[in-house]
Every structure is written in structure tokens, then in C-alpha cells.
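As a plain string of letters, each chain reads:
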Amino acid sequence: LSTKLDRAIKTLKGQGSISEINVASTVKEIRRALVDADVNYKVAKEVTDKIKDEAMGREVLTAVSPGQLMVKIVYDELTELMGGEKQDIVIKGDPAVVLLSGLQGSGKTTFAGKLAAFIKKSGRNPLLVACDVYRPAAIDQLKVLGEQIGVEVYSEPENKNPVEISQNGIAYAKKNGKKVVIIDTAGRLAVDEQMMREIEQVKRAINPSETLFVVDSMTGQDAVNTAKTFNDRLNFDGVVLTKLDGDSRGGAALSIRAVVEKPIKFISTGEKMEALDLFYPDRMAQRILGMGDVISLVERAQQQFDEDEAKRINAKIRKNQFDFNDFLGQLEQIKKMGNLKDLVGMIPGAAKMMKDVEIDDDAFKPVESIIKSMTKQERSQPDLINASRRRRLAAGSGTDIQQVNALMKQFEDMRKMMRQMNKMSQTKGGMAQMA
Ligand code: GDP
Ligand code: MG
């Protein structure tokens with residue numbers, strides 16, 4: 001998809017404005033690219049019509065080329081189409097019950113394990129319940145996963161009634177202090193009436209706070225039809241899109257959301273238990289667009305970065321007066337430029353490299369609260385901050401002494417480096433004068 005979109009957008013580049021002609025042909029190419037990516041034709045048409053309307057009305061700013069503006073419009077529309085904001089799973093009740101549905105092979109059992117690990121990591125005690133009564137191997141599969149992640153699995157191999165098993169599982173959870181029950185169910189190869197009735201009955205009997213529909217993103221258009229059938233019967237709360245690690249074109253994400261009007265909540269990107277991500281519409285749009293958009297990174301950076309501030313800071317660095325007020329100011333600037341992950345995603349190649357690295361958007365929080373706990377005097381004269389003051393800062397900022405020490409060291413290193421840079425530039429300047 002990305003190369004096709006690239007081509008469509010490239011034809012716009014170098015043009016001075018978004019005119020009717022080039023929009024029409026670009027939009028047509030975008031539509032074709034979306035359909036090729038498994039986006040439902042109707043959905044693709046709707047979204048490209050919107051893109052067209054949006055693009056026609058825009059004046060091209062001097063700073064951006066029509067191509068760049070078009071990318072932005074497409075990106076915004078795709079994000080919107082996938083729901084705009086991230087939607088969280090609802091875990092409510094004692095115990096909270098999450099019911100999984102979907103076709104056989106869609107990745108339910110694997111996801112059940114991942115979700116259990118995810119919930120365990122967030123500090124709640126989950127129980128997995130094996131309700132796939134048709135394949136004895138399915139129970140074993142869940143047990144193996146459970147063992148791997150250290151989560152208990154409830155099963156009744158001799159009982160063939162999934163309604164009873166799920167109810168018994170919930171009762172077991174109550175008795176044993178499990179806070180979240182995840183119910184893995186059976187799936188057939190194709191949607192069939194008996195299976196639908198069965199999972200409907202389970203849902204009615206246990207009243208889950210969250211019913212998730214698990215779907216293989218590789219199945220393209222079929223995924224949309226299956227989603228529709230399941231939603232008509234189950235009125236599920238959210239979608240889990242699996243196997244996005246493969247050759248999946250992501251188009252299913254667009255269409256499902258648009259057709260069933262239910263949010264995608266998780267994406268599954270591998271067979272390993274860690275390969276689970278929350279679903280962020282904007283990131284998915286970026287994935288579908290498949291490009292590292294350096295230009296908009298630069299634009300955003302320029303827009304937000306106050307040049308005067310930069311000059312002021314430079315002067316302070318030159319005079320070796322860089323203090324915690326400046327440090328805090330720099331942090332604000334970085335934050336203003338946007339979400340760290342988004343920024344990284346815009347650097348070509350970086351998104352791939354950073355895929356497995358967790359970038360914490362709140363990484364700056366402790367640093368900020370430490371600096372905010374400093375007195376005015378401490379901020380401008382960091383050398384005052386001795387051991388007892390450090391203890392006070394840790395207590396005042398809700399951090400610990402190691403974090404305060406780490407920050408102080410980081411800050412000292414920074415100042416040292418600045419001093420060295422100053423020395424170097426002074427000697428260079430001196431030599432230049434001599435010459
Ligand atoms: P179920 O029948 O719905 O319970 O599906 P399973 O959880 O048993 O998964 C079916 C197959 O797909 C298994 O071989 C899984 O290892 C594999 N699988 C599940 N999720 C993913 C995923 O996100 N990526 C990849 N590559 N494989 C997956
Ligand atoms: Mg299964």
C-alpha cells in the first residue's frame with residue numbers, strides 16, 4: 001500500500017496548489033491503493049470522497065507542498081475512520097469477565113494468554129477459563145500458555161457445556177480471589193448457527209463487562225463479513241486484530257471499524273506472549289501510510305520551537321549559567337513537539353528500530369516533579385543541592401533518592417559537556433583571531 005500511496009502522492013509534489021485535476025487523479029489512486037490493501041470498496045470510496053472535499057478547500061501554505069498537505073489530510077481521515085481516539089478495554093465487576101469470540105484459528109487462545117499476561121502485569125489477578133469443548137488440544141494449549149505466563153487455567157475436560165463451564169469458572173474465580181476472568185471459547189472454521197447460538201448463550205449467562213471479537217487481519221474482506229455476522233448476534237464491545245506481524249495489509253482495520261462501528265482495542269503482532277499492543281488509530285494510520293514523515297517532524301519542531309528561547313539558552317550555555325530553570329524549559333519544548341512515540345515514528349527507519357522499545361510518554365514526569373520541588377534558589381544555583389536537600393527533593397516529588405541522584409548526575413554531565421564545548425569554541429575563536 002505504501003508504495004502505491006507514495007506514488008499517488010508524489011504526482012502531487014512539485015505542484016503549487018492542490019487543484020481540482022490533480023486532486024481527482026490522486027484521490028483515485030489513493031482509493032485504488034486502499035482497495036488493494038483490503039479496504040472494503042464502499043469504505044474506501046467514502047474516505048476518499050472525504051479526503052477530496054477536505055483537500056479541495058485547502059490553501060497550500062507556503063511551507064508545505066501540496067503533496068505534504070495531502071499526506072496530512074489522508075492521515076487525518078484514516079485516523080478518524082479508525083475511531084480517532086484510543087479506546088480502552090472495560091474491566092468492571094467482581095470478578096470482571098472478558099468473553100472472547102471469533103472463528104477458529106483467528107488467534108483467540110493466543111490472545112487469551114496475552115491478555116492474561118497484560119492484566120497480570122497491570123497488577124490484577126486473572127483466571128483463564130477454557131470453554132473450547134470441541135478440541136481437547138485447545139484446553140492443553142491454554143494450559144501451556146497459562147503455565148508460561150504464570151496464570152491459572154480453569155477447565156472441565158469432561159463437561160461439554162460451555163455455559164456451565166464459564167459459570168463455574170466465574171464462581172471459582174470469586175472463591176479464589178481472581179479479579180478478572182478471561183473466557184476462551186470455541187470457534188468453527190466458518191460461521192455456523194450452532195456456534196453462534198452457543199456463544200450467545202454464554203454471553204447471556206455470564207454478562208461480561210467486555211466481549212471481544214478476535215479476527216485474523218490476514219483474511220481481508222472475509223474479516224469484515226465475519227465481524228458483521230458476529231456483531232449482529234453478539235453486539236460485541238471491541239475488536240482484536242491479530243497477525244498484524246505478517247504480510248497483513250491493515251486494510252481490515254479500516255473496514256471493520258467503519259462497517260461494524262465498534263472500536264479496535266488490541267492488535268496482536270506475533271505468536272509470543274509479549275506481542276500485544278493497544279490499538280492507536282493514529283499509529284495505525286501511520287502504518288497504513290507506511291512512511292516516515294520527516295517533513296512534518298521538522299515542521300512541527302519549527303512551529304513549536306521558540307527561536308528567542310533558543311538564543312537565550314545559547315547565551316546562558318556560553319556563560320556556563322545553564323541551570324534547572326533552563327533544563328525544565330528544554331523539557332517543555334520537547335514535550336510541546338508532541339508525543340515521543342509519534343515523533344520517533346516520523347523518522348524513517350526509526351519506527352522499525354524502535355518497535356520493540358517501550359518509549360514512555362511519561363518518562364519526563366519524575367524529572368519534572370523533582371525540578372518543581374526545588375526552591376527558586378536551588379534551581380538557579382544547582383550546586384546548593386547537597387545530600388539533605390536531595391532527600392527533601394525525593395520526598396517532595398514522590399520519587400526516591402536514586403532518581404534525584406541520577407538527575408543531578410545527568411545535569412552535571414550536561415553542564416560539564418557544555419563547559420567543554422565552550423572551551424573548544426573559545427580556543428578555536430582565539431586561534432582564528434591570531435591567524
Ligand atoms: P484460536 O483457534 O482462535 O484459538 O486461534 P489460536 O490462538 O490457536 O491461533 C491460531 C494460530 O495462529 C496459532 O498457530 C497461533 O500461534 C497463531 N497466532 C495467533 N496470533 C498470532 C499473531 O498475532 N501473529 C502470528 N504470526 N500468529 C499468530
Ligand atoms: Mg482456541
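All values derive from a computational prediction rather than experimental measurement.

Turning our attention to the environment of Phe213. Structurally, Phe213 is set in strand 5 (residues 210-216). What makes Phe213 buried here is the crowd of 29 C-beta atoms within 10 Å. As for Phe213 and Ala227, which are separated by 14 residues in sequence, their C-alpha atoms are 7.4 Å apart. Once you skip the residues sitting within four places of it in the chain, Phe213 turns out to touch Ser101, Gly102, Ala227, Phe230, Asn231, Phe236 and Val239.

Now for the confidence of the model for the chain. For the chain, the average pLDDT comes to 80, and 75% of its residues sit at 70 or higher. Of all the helices and strands in the chain, helix 12 (residues 294-304) carries the lowest mean pLDDT, 41, while strand 3 (residues 153-154) carries the highest, 98. Every residue in residues 291-306 scores below 50 in pLDDT, and together they form 30 contacts with partners more than four places removed in sequence or on other chains. For the stretch residues 353-357, pLDDT sits under 50, and the model shows two contacts to residues farther than four places along the chain or on other chains. On the interface metric, ipTM, the complex scores 0.99, and its pTM is 0.65.

Sheet strands line up and pair through hydrogen bonds in the backbone, either parallel or antiparallel. The sheet built from eight strands is open, its strands ordered 3-2-4-1-5-6-7-8 with mixed pairing. In this open sheet, the two strands that pair with only one neighbour each are strand 3 and strand 8 (276-278). Pairing of strand 2 (residues 126-131) with strand 3 involves two bridges; the strand directions are parallel. Paired with Val129 across the bridge in strand 3 is Tyr154. Here helix 8 (residues 193-206) sits on the sheet in contact with strand 1 (96-101), strand 2, strand 4 (180-185) and strand 5, set at roughly 175° to strand 1.

Ranked by internal contacts, the top residues of the largest apolar core, which has 76 residues, are Val98, Leu128, Val129 and Ile182. Ranked by the residues each element gives to this core, the list is headed by helix 5 (residues 108-121), at seven residues. Both domains that furnish three or more residues to this core are identified here as domain 1 (2-81) and domain 2 (96-289). Beyond its immediate stretch of four places on either side in the chain, Leu128 contacts Ala112, Ala116, Leu142, Gly146, Val151, Val153, Tyr154, Ile182 and Asp184. Membership of the second largest hydrophobic core comes to nine residues, among which are Phe327, Val367, Ile371 and Leu407.

Thresholds, definitions, all that
Positions within a chain are numbered from 1, following the residues in the order the chain's sequence is written. Chain letters and ligand numbers both follow the written order, the letters beginning at A and the numbers at 1. Restriction of local features to residues with pLDDT of at least 70 applies here, the model being predicted, together with a cutoff of 80 or more for giving and counting side-chain atom pairs; totals for whole chains, interfaces and linings are based on all residues. A run of DSSP states H or I qualifies as a helix once it reaches four residues; a run of E qualifies as a strand once it reaches two. Both are numbered from the N-terminal end. Counting other C-beta atoms within 10 Å of a residue's own tells you its class, since 20 or more makes it buried, 12 or fewer makes it exposed, and anything in between is partly exposed; those C-beta atoms are placed from the backbone. Whether two residues are in contact depends on their C-beta atoms, placed from the backbone: they are in contact if these lie within 7 Å. Summary of the metric used: pLDDT quantifies the predictor's per-residue confidence within the range 0 to 100. Here a strand pair is declared whenever DSSP counts at least two bridges between the two strands. To define axes, lines are fitted to C-alpha atoms, for helices over the stretch in contact only, and angles between the resulting N-to-C directions are given on a 0 to 180 degree scale. Any set of buried Ala, Val, Leu, Ile, Met, Phe, Trp, Tyr and Cys residues joined through C-beta atoms within 7 Å is what this text calls a nonpolar core. Source of the domain bounds: an automatic or database domain assignment.

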